[in-house]
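Architecture and fold: a report
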Amino acid sequence: MIDAPQSNLRAADLVKLKAYLISLVNRELEANPPTLQERREVVTQHLLRAYQSTRLQISVSLRDQIIQDALNDLLGYGPLQPLLEDPEISEIMVNGPHKIYIEKKGKLIKTNIEFDNNDQVLRVIDRIILPLGRRIDTDSPTVDARLPDGSRVNAVIPPVTVDGPCITIRKFKKDKLTIDQLVNYSSLNEIMAEFIRACVISRLNIIVSGGTGSGKTTLLNVLSSFIPDDERIVTIEDAAELSLMQDHIVRLETKPSNIEGKHAVMIRDLVRNALRMRPDRIIVGEVRGGEALDMLQAMNTGHDGSLTTLHANTPRDALSRLETMCLMAGMELPLKVIRQQISSAVDLVVQQSRLKDGSRKITSITEVAGMEGEMIVMSEIFQFQQTGIGDEGKILGDHKATGIRPMFIPRLEAAGFKLGPEVFGANLGEVLSSGRKK
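Everything in this summary refers to the structure shown in the same document. All of these numbers come straight from a predicted model, not from anything done at the bench.

This next bit is on the sheet that holds strand β6 (residues 166–170). The 6 strands are arranged β3-β2-β1-β6-β5-β4 in an open sheet whose pairing can be described as antiparallel. Two strands lie at the open edges of the sheet, namely β3 (107–110) and β4 (142–146), each paired on one side alone. The mean angle between the axes of side-by-side strands here comes to 15°, regardless of whether they run parallel or antiparallel. Two elements, β4 and strand β5 (residues 152–156), share 5 bridges in a ladder whose sense is antiparallel. Paired with R146 across the two strands is R152, which belongs to β5.

Below, the discussion takes up the pattern of salt bridges. Inspection of the entire model under this criterion finds 21 salt bridges. Between E103 and R354 there is a salt bridge, with its nearest N and O atoms 3.0 Å apart. Residue E103 is located in strand β2 (residues 100–104), and its partner R354 is located in strand β12 (residues 348–354); the two are separated by 251 residues in the primary sequence. A salt bridge links R268 to D294; the nearest nitrogen and oxygen atoms lie 2.5 Å apart. Of this pair, R268 sits in helix α9 (residues 267–274) while D294 sits in helix α10 (residues 291–300), and the two are 26 residues apart along the sequence. You can call R268 buried: its relative accessible area is 18%. Each of D86, E88 and K104 takes part in salt bridges that share partners, so that together they form one network.

Both strand β13 (residues 360–372) and strand β14 (residues 375–389) contribute to a ladder of 8 bridges, which runs antiparallel. Bridged to I365 within β14 is F382. Hairpin connection of β13 to β14: 2 residues between the antiparallel strands, including G373 at a positive phi of 70°. As paired elements, β14 and strand β15 (residues 395–401) share 7 bridges and run antiparallel to each other. What sits directly across from G388, in β15, is L396. Connecting β14 to the next strand, β15, in antiparallel fashion are 5 residues, including E392 with a positive phi near 55°.

On to the side chain of S343, then. You can see S343 is positioned in helix α12 (residues 335–345). Using a relative accessible area of 13% as the deciding quantity, one classes S343 as buried. Not counting the four nearest positions on each side in its chain, S343 is found in contact with V368, G370, M371 and I376.

Counting 40 residues, the largest nonpolar core has L188, F195, I206, L348, I365, F382 and L412 as its most contacted members. Among the elements that take part in this core, helix α7 (residues 190–201) stands out by supplying 8 residues, more than any other. Counting 35 residues, the second largest nonpolar core, distinct from the first, contains L293, L322, M325 and I376.

For the rest of this paragraph, the subject is the environment of S379. Along the polypeptide, S379 turns up in strand β14. Along the backbone, S379 and T402 are 23 residues apart, and their C-alpha atoms lie at a distance of 9.2 Å. Those residues in contact with S379, other than ones at most four positions away along the chain, are I365, T366, E367, A369 and I404.

Parameters at a glance
- Residues numbered from 1 in each chain as written.
- Predicted model: local features only at pLDDT ≥ 70, side-chain atom pairs only at ≥ 80, totals over all residues.
- Heavy atoms only, no water.
- Pairing = 2+ DSSP bridges.
- Helix = DSSP H or I, 4+ residues; strand = E, 2+ residues; numbered from the N terminus.
- Axes fitted to C-alpha atoms, helices over the stretch in contact; angles between N-to-C directions.
- Salt bridge = Lys/Arg side-chain N within 4 Å of Asp/Glu carboxyl O.
- Buried < 20%, exposed > 50% of the residue type's maximum accessible area, 1.4 Å probe, protein only.
- Contact = heavy atoms within 4.5 Å.
- Core = buried A, V, L, I, M, F, W, Y, C linked by side-chain atoms within 4.5 Å.

Printed below as a string of structure tokens:
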């Protein structure tokens, strides 16, 4: 972003100067479009020539900053470009042209970066969504999209927003997290990691539950890394952001309606279609509507090992949300029938939470153990127990086994995993220390 002017030019004049340079360069590019490989160099040369033609006398540092800002506008995402290039920033939030916040190391920070005006924000939104064939206008004022690196983008414009266009970008990490890194970050412990790996390989149906920004998609990526390479995986998402390491993957993405409001392809349509694609595993990035019923029926009809996420604050809330979403399918099924579908389809709920200090942890691993009367029975296997608050508000605590041995242990054993009762009842510190001694 342009600093305070260092000459007799006002800030408004500098904005006009940048817009003038961009306009000149755009005309040059339309007349002689460069190749993709040459684009950055050619655009930079055009900008320097355009600036020289103005015969303005301003400081070299201010000139370089104007050129860089114009370059970001022409080749990147304007003022957001340096934020996107910062690996420590995990989220970018634009609340209108003059309020840009970031999340860094779990903390929300207001930046001193600003857009010139609403039009510049809209240009950045258009640059993001146009290559994807998506649209945003007053009749359709919200859109979900993704950047080329996989980062998730949500944009909202007036009349829905009051203070100007808003953009939220959940950045995609170039280095995929591994289960060992999550253990190092204390998101879970070694025994829980081995337990989860056994559950995925043994083809249990798993739901990752958590609040917004809790790390559900990151955890889903980690869980999917345990799927054997010889299985066919179909992923279904609103905006494709899962990054699986296996080779045999079919990635499906929803399609918005056209200008006439027709021909949309929703997650529910893709779940139904996936059943005809001979999948070994179905992974739905997030269920949030009637597709939950289709997902449950897929889990109940031979598609074991399916994975998905949903928004909920506790494992019990996750099942309640599933019930509500199944009712949204419009099938008018009795609640008891829906609960039977859930209890027979879902094996495990992994609760992911973002704590007050910004850290992200698995706070509960809970088995769905069946029905008792008209209620779904749940058994918590592991939980995070907070013990206090340390320096700078850091939350202290440990992951503990609850002493309950899950009912699906025979399925794990059939897949070759022998987890003794001490894993689920003994002190985890003793188990880990004895494992290291061996």
